[in-house]
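Fold and geometry: a report
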Amino acid sequence: MNESYDVVIVGAGPAGISAACILADAGIKTMVIERGEYAGSKNTSGGVLYGYNLAQILPDFVARGCPIERNIVESRIWYLSKEAGLSIGYRDSIFANERKNNVFTVGRAKFDRWFAEQAKKKGALIVASTVVVDLLKDASGKVTGVVTNRQDGEVQAKVVLLADGVNSPLAAKTGFRPELKPEHVALAVKETIELPSEVIEQRFGVSAADGVTTEVLGEVTGGMDGVSIIYTNKNSISISVGANLAQFAKTKMKPYEMLEAYKLHPMVAPLIAGGKPIEYTAHWLAEGGFYTIPQLAGNGYLIAGDSAMLFNALHREGSNLAMASGKMAAEAIIAALKKNDVSKQSLSSYSKAMSESFVLKDMNKYRGFPGFLYNTHQLFDELPHVAQFAAREMLTVDGVTKKHKQKLIMDEVKKKIGLLNLAKIAWRGWRSVK
Amino acid sequence: MTMKIEDKLFLDRFKVDEESHLKIIDGEKCKKCESQACLFLCPAYVYRPEGDRIAINHEGCLECGSCRIGCPDLNIEWKFPKGGYGISHKFG
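Conventions we followed
- Residues numbered from 1 in each chain as written.
- Chains lettered and ligands numbered in written order.
- Predicted model: local features only at pLDDT ≥ 70, side-chain atom pairs only at ≥ 80, totals over all residues.
- Heavy atoms only, no water.
- Patch = residues over 30% accessible without salt bridge, like charges linked within 9 Å, V, L, I, M, F, W, Y side chains within 5 Å.
- Areas by Shrake-Rupley, 256 points an atom, 1.4 Å probe, with all protein chains shown as cover.
- Salt bridge = Lys/Arg side-chain N within 4 Å of Asp/Glu carboxyl O.
- Helix = DSSP H or I, 4+ residues; strand = E, 2+ residues; numbered from the N terminus.
- Buried < 20%, exposed > 50% of the residue type's maximum accessible area, 1.4 Å probe, protein only.
- Pairing = 2+ DSSP bridges.
- Core = buried A, V, L, I, M, F, W, Y, C linked by side-chain atoms within 4.5 Å.
- Contact = heavy atoms within 4.5 Å.
- Phe/Tyr/Trp six-rings, centres within 6.5 Å; stacked < 30°, edge-to-face > 60°.
- Lys NZ or Arg CZ within 6 Å of the ring centre and 35° of its normal.

1. Structural notes on a nonpolar patch on the surface
Residue and element names in this part refer to chain A. Together, Met 410, Leu 419 and Leu 422 give the surface a local cluster of nonpolar side chains, amounting to about 220 Å² of exposed area. Mapped onto the fold, Leu 419 is located in helix H16 (residues 419–433). Judged by relative accessible area, Leu 419 falls into the partly exposed class, the value being 41%.

Here it is, written out as structure tokens:
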């Protein structure tokens, strides 16, 4: 394998493959190294992708047979107590028509595999079943290639793009991103539950091609800073629940038991009733936010996607940030190779492009949000309880005056949280996203 | 009826490497460990108490990395399985 490439990309996920497509289009000799037996085989996510960002890489992605599960026409948000839940949703026919594929669900094992095939068609070389265990550096510290676990497994490269995901022992070992602390990630587990497509369409009130996403907060994460989801696929439903890893370690709750409890929740159980679980996966969410983003470019290397901690927790955006960063990294590489200068200074046109784009602007806007969630346990225990109490009182018709019910609710708020505390939470929450 | 973790892992496809990609660096530290976080936070129940030591069932590892950074003593040597080994997602 002792070969030489213009660019070696570590990881065949959305960031790495986006970059590979752009580089191959520009005629640059590119190798993508993937540790799984095929691209996508190690990858998993809630499962939404964003058409806008994919079209920036492959404008004709639909014609190319992109394995879309369902086009999302409705987004729901639930706030759950243990046995009840508040629900709001927004459905818009524009997302079934003019803005079709704005958001759609995918199975990442299928999607990433297809995406990698497109890069291959453009001329990139995809090498699977190969782990990058170290980086080659010259005397000045400039990255000059990668070391794989294969025999004679060194590959020389003018530039290396690290796109190996949030769980990156490589980034930690080489110091390009400090090893993560448990509070910087959420651990999510997901079950894919098979159901006939007509049943899914009936339960969610959608037509054959369309689907619904549901983001869930509340007591389902047992007081921990966490989130859960219910996403519709063609013949299955993805159910996932996750929470901050540091809080998992503290509460000693088991992720798979939390998932089981979630599946039994009265808002969730009817949607998956009769379904057959077909897969169970686990993955981190790069929840640390803006403050945990590493230096994006250095001498001979760049870092993109989840490896760079690009994740917008509030808007559940990650795959699009990966694609956009992969594209910008590729453009910086093309410019650098043209100048024959792959120094940090030359490659930092990537950092500049990122700062000026929605990727870092959004991450910066919400920089306080991960800390707000992490430090406000009331969002995941007392508040859902109080919301349940209030809704129950107001919806129960029992001859008690509304004025008295209002007083009961206020008493409950005062007892469980306190009015001043509630105002403080609202204020801090607003400040963290404004 | 709730599903046990063993049944969940049974849904997944693994290509098992005989050699474990996970290793406890110093077993003595585990004996004194109060948190025993690995027993709880691992989503695949890879770490299990066995007498006064902790056994590793690396075959069912979902490769999330949580044990590596969640161990309060950072006492776990964590590598990716060899290329092509470990879990292979079907849906993802």
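2. A look at the pairing of strand E3 (residues 47–50) of chain B
Residues and elements named next belong to chain B. With four bridges connecting them, E3 and strand E4 (residues 53–56) associate as antiparallel partners. Across the sheet, the residue bridging to Tyr 47 is Ile 56, located in E4. Counting the residues in the hairpin turn of E3 and E4 gives two residues, including Gly 51, whose phi is positive at 65°.

3. Digging into the nonpolar core
All names here are of chain A. With 76 residues, the main nonpolar core has Phe 115, Leu 302 and Tyr 350 as its most contacted residues. In terms of residue count, helix H9 (residues 319–339) provides more of this core than any other element does, twelve residues in total. Not counting residues up to four positions away in its chain, the partners in contact with Leu 302 are Val 159, Val 160, Leu 161, Leu 162, Leu 296, Ala 297, Ala 329, Ala 332, Ile 333, Leu 347 and Tyr 350. Counting 62 residues, the second-largest nonpolar core is a separate cluster that includes Leu 80, Val 189, Phe 204 and Ile 230.

4. Let's talk about the pairing of strand E12 (residues 210–218) of chain A
Residue and element names in this part refer to chain A. Of all nine residues that make up E12, eight are buried, and the element is covered over most of its length. The pairing of E12 with strand E13 (residues 226–232) spans four bridges and is antiparallel. Looking across to E13, one finds that Glu 215 is bridged to Ile 229.

5. Some thoughts on the packing of aromatic side chains
Under the criterion given, the structure shown has eight aromatic pairs over all chains. For the pair Phe 61 of chain A and Phe 104 of chain A, a centre-to-centre distance of 5.8 Å together with 20° between the ring planes defines the contact as stacked. Note that Phe 61 of chain A is positioned in the loop between helix H2 (51–57) and strand E4 (71–80) and Phe 104 of chain A in strand E6 (residues 103–105), a separation of 43 residues in sequence. Comparing Phe 61 of chain A with Phe 104 of chain A, the two get one shared label, buried. In textbook terms, an aromatic cluster arises when at least three aromatic residues are bridged by ring pairs, as seen for Phe 111, Trp 114 and Phe 115 of chain A. If you follow Arg 113 of chain A out to its NZ or CZ, it ends over the ring of Tyr 38 of chain A, 3.8 Å from the centre. The side chain of Lys 15 of chain B reaches across the aromatic face of Tyr 85 of chain B, ending 4.7 Å from its centre.

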